[in-house]
Amino acid sequence: PATIQPNENELAEVTTLIRGRVVKVQVDVGADVKRGDLLAFLHSTDLGLAEGAYLKASARMYEADLSYRRAKDLFEDRAISLAEFQRREAEMRRVRAEMREAQNRLELLGVPAQEIERLDGEHTIRADVRISAPFDGRVIMRNITRGEVVETNQRVFTVADLSNVWVIAAVPEKDIEHIQK
């Protein structure tokens, strides 16, 4: 007797980097998927808050940059003091650090660069999370339903490349010589 199992080296337990509510489940068990295919779609208030913080930091960065450039021109014309110019320069650097922090947070949450660019251009919060297939394979486990809240530690799908499987068998020692690949 034996069991056939997916090759564990070609198996992915798919999770999400951010908590969210399942809006749409695109695939079911047994579906063949390609790398990058949409498995499920979540809506996340945590991501919405992170995107909002990014947009606020972006607005502060714009304001600080204008203030700094204005102060630089005024300082060169000797219309403001060195202390005032340095205060505005320090403010710009502080805001730039906040901007980097907000962007890094989005990246840590798995937001792709093109979505951050969209956020810069449109200035609108979407708070949508795509769960995608990590590689070509077959969905062998689905652990989510529409409307459910998914946590970051929850395995939502298992995708396996079944082109190479393992056979796990209990073979008596005397019969090992008869086993062939």
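Refer to the structure presented above.
Residues numbered from 1 in each chain as written. Predicted model: local features only at pLDDT ≥ 70, side-chain atom pairs only at ≥ 80, totals over all residues. Heavy atoms only, no water.

Chemist: Which residues make up the packing of aromatic side chains, and what values go with them?
Modeler: Aromatic rings considered in pairs are described by the distance between their centres and by the relative angle of their planes. This structure, assessed with the given rule, holds two aromatic pairs. Taking the centre distance of 5.2 Å and the plane angle of 10 degrees together, the rings of Phe75 and Phe85 count as stacked. In this pair, Phe75 sits in helix 1 (residues 45-76) while Phe85 sits in helix 2 (residues 82-108), placing the two residues 10 residues apart along the sequence. In textbook terms, an aromatic cluster arises when at least three aromatic residues are bridged by ring pairs, as seen for Tyr68, Phe75 and Phe85. (Phe/Tyr/Trp six-rings, centres within 6.5 Å; stacked < 30°, edge-to-face > 60°. Helix = DSSP H or I, 4+ residues; strand = E, 2+ residues; numbered from the N terminus.)

Chemist: How would you summarise the packing of helix 1 against helix 3 (residues 113-122) if you had to cite specific residues and measurements?
Modeler: A pair of packed helices is characterised by two quantities: the angle between their axes and the separation of those axes. The interhelical angle for the contact between helix 1 and helix 3, taken along N-to-C directions, is 55 degrees, at an axis separation of 10 Å. Looking at the two axes, helix 1 sits oblique to helix 3. For the crossing formed where helix 1 meets helix 3, the hand is right-handed. For the pair helix 1 and helix 3, the contacting residues are Glu51, Tyr54 and Leu55 in the first and Glu115, Ile116, Leu119 and Asp120 in the second. Among the residues making up the contact of helix 1 with helix 3, the classes are represented as four nonpolar, no polar and three charged. (Axes fitted to C-alpha atoms, helices over the stretch in contact; angles between N-to-C directions. Parallel < 35°, antiparallel > 145°, perpendicular 65-115°, else oblique. Left-handed = near helix turned anticlockwise from the far one by under 90°. Contact = heavy atoms within 4.5 Å. Nonpolar A, V, L, I, M, F, W, Y, C, P; charged D, E, K, R; others polar.)

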